Amino acid sequence: MAENPVFERATRFLSALRHCQVLGMRVHSASSEGLTVILPYSPQIVGNPQTGVIHGGALTSLMDTACGMATLCVLPEFEVCPTLDLRIDYMHAAEPHKDVYGFAQCYRVTTDVIFARGFAYQDDPEQPIAHVVGTFMRMGKGIKGTKGFGGVIAGALTGVAK
């Protein structure tokens with residue numbers, strides 16, 4: 001039996017997302033209360049080469065991914081849940097040369113939509129870089145998408161390619 005099945009499911013899911021692999025994201029923690037994803041600092045995500053500040057698009061990707069993956073924490077089985085809406089309020093720029101953590105949790109689950117919220121931070125969760133709220137559409141257990149998409153995602157979650 002898995003010691004933390006939510007963490008393992010989140011890690012497998014993240015490994016199936018190519019843009020997350022390119023950005024070097026990894027799961028820091030995951031439970032029924034929410035999850036935290038790490039975006040490691042790298043020159044490839046810098047938006048301003050003179051200051052070394054991380055590009056807002058990289059932070060948006062982190063938070064969209066964290067909120068979307070938070071659905072894994074509240075659903076008993078995997079469902080494809082694409083982003084319907086995402087709002088990010090940036091509080092201040094991330095400090096250069098430091099990793100960014102994205103925490104997200106689901107606060108309401110309906111038959112059609114999941115509501116999530118979270119925040120990005122570096123050293124101190126009490127000093128967030130950004131706050132986020134998002135909604136995600138529940139498409140059901142039967143994975144829908146382009147041919148082959150379902151097998152890739154389901155295989156990542158079960159460890160068996162389809």
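Residues numbered from 1 in each chain as written. Predicted model: local features only at pLDDT ≥ 70, side-chain atom pairs only at ≥ 80, totals over all residues. Heavy atoms only, no water.

An unreviewed UniProt entry lists the protein chain under the name PaaI family thioesterase, with Pseudomonas cucumis as the source organism.

Colleague: Explain the pattern of salt bridges to me, please; I cannot follow it from the model alone.
Modeller: Pairs can form between side chains of opposite charge whenever their charged atoms are close. Scanning all chains against the criterion turns up four salt bridges. Among the salt bridges present, the one from aspartate 89 reaches arginine 87, with a minimum N-O distance of 2.8 Å. The exposure class of aspartate 89 is partly exposed, given its relative accessible area of 28%. One salt bridge in this structure joins glutamate 95 and lysine 98, with 3.1 Å as the shortest N-O distance. Exposure remark for glutamate 95: the relative accessible area of 41% places this residue in the partly exposed category. (Salt bridge = Lys/Arg side-chain N within 4 Å of Asp/Glu carboxyl O. Buried < 20%, exposed > 50% of the residue type's maximum accessible area, 1.4 Å probe, protein only.)

Colleague: Sorry if this is basic, but what is going on with the sheet that holds strand S1 (residues 26–31) here?
Modeller: One key point about sheets: their strands pair by backbone hydrogen bonds, in either a parallel or an antiparallel sense. Overall, antiparallel pairing links the six strands, which are arranged S1-S2-S6-S7-S8-S5 in an open sheet. In the strand order of this sheet, the two ends are held by S1 and strand S5 (83–90), each with one partner. Taken over all neighbouring pairs, the strand axes of this sheet differ in orientation by 15 degrees on average, direction set aside. Here strand S2 (residues 34–39) pairs with strand S6 (residues 100–109) via five bridges, running antiparallel. Note that in S6 the partner of isoleucine 38 across the bridge is tyrosine 101. (Pairing = 2+ DSSP bridges. Helix = DSSP H or I, 4+ residues; strand = E, 2+ residues; numbered from the N terminus. Axes fitted to C-alpha atoms, helices over the stretch in contact; angles between N-to-C directions.)

Colleague: Mind showing me how you'd approach the state of the cysteines here?
Modeller: Taken as a whole and judged by the stated rule, the model has zero disulfides. Cysteine cysteine 73 shares no disulfide, and the gap to the nearest cysteine sulfur, in cysteine 106, comes to 6.9 Å. Since its relative accessible area comes to 9%, cysteine 73 is described here as buried. Unpaired in terms of disulfides, cysteine 81 finds its nearest cysteine sulfur in cysteine 106, a separation of 8.3 Å. Accessibility expressed as a relative area gives 12% for cysteine 81, which makes it buried. (Disulfide = S-S within 2.5 Å.)

Colleague: Would you mind showing me how to read helix H1 (residues 5–15) here?
Modeller: For an α-helix, the turn length of 3.6 residues means that residues three or four places apart are oriented alike. Of all the residues in H1, the buried ones are Val6, Arg9, Ala10, Phe13 and Leu14. Take H1 and look down its axis: the buried residues cluster within an arc of 130 degrees, on one side only. If you check the start of H1, you find a side-chain oxygen 3.2 Å away from the backbone N of valine 6, and it comes from asparagine 4. (Arc of directions from axis to C-beta. Polar contact = N/O pair within 3.5 Å; in protein donor to acceptor, adjacent residues only side chain to side chain.)

Colleague: Mind showing me how you'd approach unusual backbone geometry here?
Modeller: Negative phi characterises most residues that are not glycine, and trans characterises most peptide bonds. Despite not being glycine, histidine 97 has its phi angle at roughly 70 degrees, a positive value. Structurally, histidine 97 can be placed in the loop between S5 and S6.

Colleague: Would you take a moment to explain helix H3 (residues 56–74) for this structure?
Modeller: Between its first and last C-alpha atoms H3 spans 28 Å; for 19 residues at 1.5 Å apiece the expected length is 27 Å, and the two agree. Counting buried residues in H3 gives 14 out of 19 residues, a clear majority hidden from the surface. (Expected span 1.5 Å × (residues − 1).)

Colleague: Explain the nonpolar core to me, please; I cannot follow it from the model alone.
Modeller: Across soluble globular proteins, nonpolar side chains have a tendency to be buried as a group. Grouped together as the largest cluster of nonpolar side chains are 42 residues, with contacts concentrated most on Met25, Leu35, Val37, Leu39, Ile54, Met69 and Val100. For this core, the secondary structure elements donating two or more residues are H1, helix H2 (18–23), S1, S2, H3, S6, strand S7 (113–121) and strand S8 (130–137). Examining the composition of this core, we find that ten residues originate from one element, H3, more than from any other. Not counting residues up to four positions away in its chain, the partners in contact with leucine 39 are Leu23, Met25, Ile45, Ala58, Leu59, Leu62, Asp99 and Val100. (Core = buried A, V, L, I, M, F, W, Y, C linked by side-chain atoms within 4.5 Å. Contact = heavy atoms within 4.5 Å.)

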